[in-house]
Amino acid sequence: MSISTSSGLLLHVALLGPFQASWGGSPLEFKGRQLPQLLALFALNAERPVSTDRIIDVLWEDSPPLYPRRMALNLVGRLRRMLGDLDPGLLDCASRSLFTLRRCRTDVESFDRALRSAASDHRAERADDALKKYELALSLVRGDPLSGWDGAFFSAERARLERAVREAEVRRASALNDTGAPAAALEFANRLLDREPLFQEAVGQALRAKASMGDAAGASALFHGFRERLAEEAGVDPSASLSRAYARALSAPVQSDGEPAVPVAAPRQLPMVPTHFVGRADEVSALVGHFTDACDSGVRLATVNGTGGVGKSALAVFTAHRLAECFPDGQLYVNLNGATPGADPLAPGEVLERFLRSLGHEPVERAGLDEVAAQFRTAVSGRRMLVVLDDARDADQVAPLLPGSGSCAVLVTSRCSLAGMDPGVNLHLRPLAWSSSVNLLRRCSQGASLSQVDWGVLAGHCAGMPLALRIVAARLESDGGTAPDQILAAIEDERRRLGEMDDGQRDLRSVLAVSLRALESSPSGREARDLFFLTGSFPGDTVSLHPLAALAESTPQKVAATMRTLVRQRLAEPVAAGRFRLHDLLRLFAREEDRNSAVGERRDRIRRLVGFYASSGRNVLELEGARLWKRVNRIAAAGFAPGRSFASLAEGERWLDDELPSLIALLWTVADEHPDLAHEGKLLFHATFPAFMYRGSRLSEYTRALRRLTELSEADWDYAVHGDIAEQYRRVGDMAEARRHLDISVDLVRRNGETGTAVQLMHRTLFALEEERWEDAEESAVVACRAAEAEGEPRAAAIAWVHRALVRARRGDFAAALAASTESLRRDMADPFRDLSVSLSQHGFRLIDAGVPVKARICFAGVERDLDRRGRRRSDSYVQALWGLGEVCWIEGRKGEARDNWIAALTIAEEIGLVGPEIRVAVEDGRHPWRPRDLMF
């Protein structure tokens with residue numbers, strides 16, 4: 001019996017020891033290891049989606065089963081059924097590839113929460129409260145975390161949790177010392193050393209305890225004995241922090257040099273905390289966590305990089321203020337002017353001299369950079385200091401400014417990634433989320449009056465860029481002569497947007513231009529600059545290497561090398577392997593340059609791009625076989641440059657699928673800006689449509705662009721274009737538009753004397769079947785068969801016979817349907833370039849209808865093997881074969897195997913657009929009678 005989701009119960013998962021799970025206090029029982037491991041994976045990512053690919057990587061790593069996705073989905077299904085008996089809302093399946101565990105609490109989460117709260121109390125000198133919380137956190141540990149589980153993921157998690165437990169133990173010992181209980185601290189530290197003899201932090205707490213108890217001799221014996229053991233077993237000396245703890249225990253202060261330090265106030269150089277700082281909680285947490293963790297191996301270094309105006313400096317200053325109390329010996333700050341408009345980058349020597357004077361040291365006269373850097377490192381050695389290096393140009397500017405002591409921490413911001421710095425945390429700062437953008441905009445412009453919708457629109461045009469948001473907010477608040485709705489209207493115009501982001505003191509265009517000027521001064525900078533503007537001129541939101549190479553008249557390898565420079569400079573960002581995008585405002589900046597180029601140059605670039613995609617589509621068509629020879633010949637006759645080649649049909653279709661958004665944008669660019677290229681645009685659609693037969697709404701958008709092109713240009717093969725449009729409208733259920741375009745197509749075929757009547761008549765058969773007009777469907781199928789025979793098209797004749805079998809099966813005449821299906825197979829066998837996948841899978845369904853499931857299995861298995869061999873798993877025929885195998889298994893009583901086949905079929909159907917996620921879930925739950933046997937071709 002299911003428990004209502006309003007019961008308030010939570011799923012509890014314990015991982016700090018052997019795996020345990022419970023619901024309402026009652027333990028859950030699991031058989032085997034994989035279900036507990038799957039639940040542990042979900043629990044460690046509670047309230048966050050986990051993909052099917054991630055499940056496969058964690059459970060099987062480099063040795064997946066034969067059908068890994070099927071096995072993973074089967075495991076998820078078993079876990080979902082088990083959890084569904086407790087609460088149907090526990091495991092949320094938003095799609096076939098993403099799963100989210102809801103309302104789950106883990107001991108790891110409770111441990112981390114208690115540890116964070118204890119650390120906060122400890123920093124605030126509330127040692128008694130901190131001690132209780134450390135003890136609460138450690139009480140949750142029942143043994144080795146995730147004990148007994150192997151594999152890279154669980155080993156890494158176990159190591160992380162063990163480090164957290166060790167940190168909690170050291171902090172508990174420290175809290176015991178701070179609360180005036182050195183004997184208890186010593187006892188606890190000794191227990192830790194019994195378990196882990198080389199635990200340096202535990203030795204440090206033991207030294208503190210002995211010093212508090214006045215046992216200097218015992219502290220000396222402990223330290224020297226530990227040092228000898230450490231040298232013998234590990235070959236290293238005690239850490240700097242342990243040596244300082246020993247010195248303090250003996251009341252002997254450590255000096256960094258032989259001279260007494262000059263008394264000077266600790267520097268507090270941080271700028272003012274930024275106002276209205278929003279949307280960076282995760283980034284602040286990551287930086288604070290990094291700098292407050294114990295570290296004895298060297299300077300704690302973190303870098304923050306990102307495009308100009310994204311808020312790096314604000315993040316660094318805000319975080320530095322949060323950390324100030326952790327670094328009581330001072331905070332140093334400098335703006336290095338690495339990318340400041342109108343300013344030259346500061347030389348490292350000048351910065352070091354500033355720092356030394358702030359620390360009460362006079363720089364050595366006429367010293368070289370290395371000597372001054374060494375003097376700075378000496379001055380800060382052993383001091384708990386935070387150094388903020390804002391707006392660095394590159395790693396060479398930063399390297400001499402780094403302290404050498406593990407007691408110091410350094411936070412660096414830069415537009416580019418700093419090669420060779422090896423930071424403990426390297427944050428690539430991305431734009432703000434939309435909600436945070438609206439929040440920042442409204443906070444910064446409190447005097448402005450806009451509707452909720454307009455706030456959202458205006459924030460969207462700023463594309464998450466904090467600098468742009470603050471500039472617009474300043475204009476909304478202070479532009480007395482310009483009404484807010486006028487500012488909004490101006491910014492909505494893409495051609496004016498960057499120019500409107502200027503409040504008299506800050507100019508976004510100048511900020512973005514600095515990165516381009518820095519780029520030009522680097523090796524191969526000119527090529528990178530040109531590629532930046534070409535990327536911005538690309539019609540789509542993202543661009544992959546091959547079309548970009550066609551646009552640049554280069555090779556993908558050279559473009560990839562140059563693109564790496566743009567990525568390092570944060571002028572472009574990768575979104576997938578070999579695919580890149582520009583930030584929206586950077587793209588506008590690049591397109592300004594494109595608009596300034598000659599009209600003829602822009603037209604040539606677009607034609608080059610159209611030709612590349614059309615030739616690539618032709619290469620995919622050639623892999624389809626001879627049945628599409630007319631399309632291939634039409635595209636070849638256009639004289640386009642060669643496109644991308646593919647090793648297999650599956651590779652080509654996957655690539656075109658990834659490029660569909662770019663193709664849509666390209667066709668609309670042709671239609672709106674270059675109507676004289678309408679003929680080439682139609683060839684592009686003609687070349688790529690067969691690969692997009694099932695792409696739902698996005699393909700409808702593609703089709704609308706094609707309709708616009710047919711209005712701009714006529715060709716003698718427009719019958720095929722209208723046939724493609726009709727087929728797409730049929731698939732999305734718009735039968736009126738489908739029939740209109742099909743009638744145009746048939747009329748054009750007859751008017752021009754083209755072969756192709758059979759194909760268009762087959763479309764009519766499908767329309768009649770969709771509308772359950774059985775007599776019309778039968779008549780159209782018969783006429784289509786005759787036309788195909790007259791035109792010498794055995795493939796078309798075979799499909800026409802498939803349609804006749806479908807009509808008869810729909811009418812319940814299964815014997816006649818089987819006869820027609822047999823005839824379709826015979827016709828297909830007569831085609832020298834035969835593809836039996838359609839006729840053979842349909843024949844399998846007709847055999848099931850006729851009560852011969854054994855022979856049907858042979859048909860479906862043959863289709864599955866053939867399509868697998870040809871790399872055509874992502875196809876409607878493969879879906880039908882898997883579904884048919886499921887039906888056969890169900891008839892033969894193998895219900896589990898039947899469900900596995902159906903789930904695999906549904907997964908592929910969703911991937912290729914045959915069904916949406918809501919239909920898939922409804923089919924799985926038995927609420928939707930979807931039957932892929934009824935797909936029509």
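Residues numbered from 1 in each chain as written. Predicted model: local features only at pLDDT ≥ 70, side-chain atom pairs only at ≥ 80, totals over all residues. Heavy atoms only, no water.

Under the annotation held in an unreviewed UniProt entry, the protein chain carries the name BTAD domain-containing putative transcriptional regulator and is attributed to Salininema proteolyticum.

**Looking at the packing of helix 39 (residues 876-891) against helix 40 (residues 895-911)**
What counts here: Simply put, an axis is a line fit to the C-alpha atoms, just over the touching stretch for a helix, and the angle between two N-to-C directions goes from 0 to 180 degrees. Going along the chain from the N terminus, every DSSP run of H or I of four or more residues is numbered as a helix, and every run of E of two or more is numbered as a strand. Small angles under 35 degrees read as roughly parallel and large ones over 145 as roughly antiparallel, with 65 to 115 read as roughly perpendicular and the rest as oblique. By definition, turning the near helix anticlockwise from the far helix through less than a right angle yields a left-handed crossing, and turning it clockwise yields a right-handed one. By definition in these notes, contact holds between two residues if any of their heavy atoms fall within 4.5 Å. Polarity classes work like this: nonpolar for Ala, Val, Leu, Ile, Met, Phe, Trp, Tyr, Cys and Pro, charged for Asp, Glu, Lys and Arg, and polar for all others, with Gly in that last group.
At a minimum axis distance of 8 Å, the contact between helix 39 and helix 40 shows a crossing angle of 165°. In this view, helix 39 runs roughly antiparallel relative to helix 40, as classed from their interaxial angle. Of the two elements, helix 39 crosses helix 40, and the hand of that crossing is left-handed. Mapping the contact onto sequence places Tyr878, Val879, Leu882, Trp883, Leu885, Gly886, Glu887, Cys889 and Trp890 in helix 39 and Lys895, Glu897, Ala898, Arg899, Asn901, Trp902, Ala904, Ala905, Leu906, Ile908 and Ala909 in helix 40. Per-class residue counts for the contact of helix 39 with helix 40 are 14 nonpolar, 2 polar and 4 charged.

**Side note on a positive patch on the surface**
Operational definition: A patch consists of residues exposed above 30% relative accessible area that lack any salt bridge, with like charges linked at up to 9 Å and nonpolar side chains (Val, Leu, Ile, Met, Phe, Trp, Tyr) linked at up to 5 Å. Accessible surface area values rest on a Shrake-Rupley calculation with a 1.4 Å probe, where residue burial reflects the displayed protein chains alone. A pair is scored as a salt bridge if a Lys or Arg side-chain nitrogen falls within 4 Å of a carboxyl oxygen belonging to Asp or Glu. Only four residue types enter the tally: Lys and Arg on the positive side, Asp and Glu on the negative side; His and the chain ends are excluded. Working definition for charges: the position is that of NZ of Lys, CZ of Arg, CG of Asp or CD of Glu.
A cluster of basic residues, Arg78, Arg81, Lys895 and Arg899, forms a positive patch on the protein surface. Every element with two or more residues in the positive patch is listed here: helix 3 (68-84) and helix 40. When you line up the elements, Lys895 lands in helix 40.

**Looking at empty space enclosed by the protein**
Here is the rule we go by: For cavity detection a 1 Å grid was placed over the protein atoms alone, and a set of points counts as a cavity when a 1.4 Å probe fits there but cannot get out; an open set counts as a pocket when protein lies on both sides within 12 Å along at least five of seven lines, with lining residues being those that have an atom within 4 Å of a point. Grid points are joined across faces, edges and corners, and a volume is the space filled by probe spheres set on the points.
Evaluation of the coordinates by the stated rule reveals 3 cavities of 30 Å³ or more. For the largest cavity, the calculated volume is near 100 Å³. Lining the largest cavity are 13 residues, and of these Thr307, His428, Arg570, Glu573 and His583 lie nearest its centre. The residue makeup of the lining of the largest cavity, split by class, is 6 nonpolar, 3 polar and 4 charged.

**Description of the pairing of strand 14 (residues 573-576)**
Test applied: Strands qualify as paired when DSSP identifies two bridges or more between them.
Here strand 14 pairs with strand 15 (residues 579-581) via 3 bridges, running antiparallel. Residue pairing across strands places Glu573 opposite Arg581, the latter belonging to strand 15.

**Section: the nonpolar core**
Let me state the cut-off plainly: Residues enter a nonpolar core if they are buried and are Ala, Val, Leu, Ile, Met, Phe, Trp, Tyr or Cys, with the set joined through side-chain atoms within 4.5 Å. Accessibility here uses a 1.4 Å probe with only protein chains present; expressed as a share of the type maximum, an area under 20% marks a residue as buried, one over 50% as exposed, and anything in between as partly exposed.
If you look at the biggest cluster of nonpolar residues, it comprises 121 residues, and the most contacted ones within it are Met501, Leu508, Phe532, Leu566, Leu585 and Tyr613. Residue contacts for Leu585: discarding those within four places in its chain leaves His461, Cys462, Ala463, Met465, Ala468, Arg497, Leu498, Met501, Leu508 and Leu512. Formed by 78 residues, the second largest nonpolar core is a distinct cluster that contains Leu11, Leu90, Ala206 and Tyr246.

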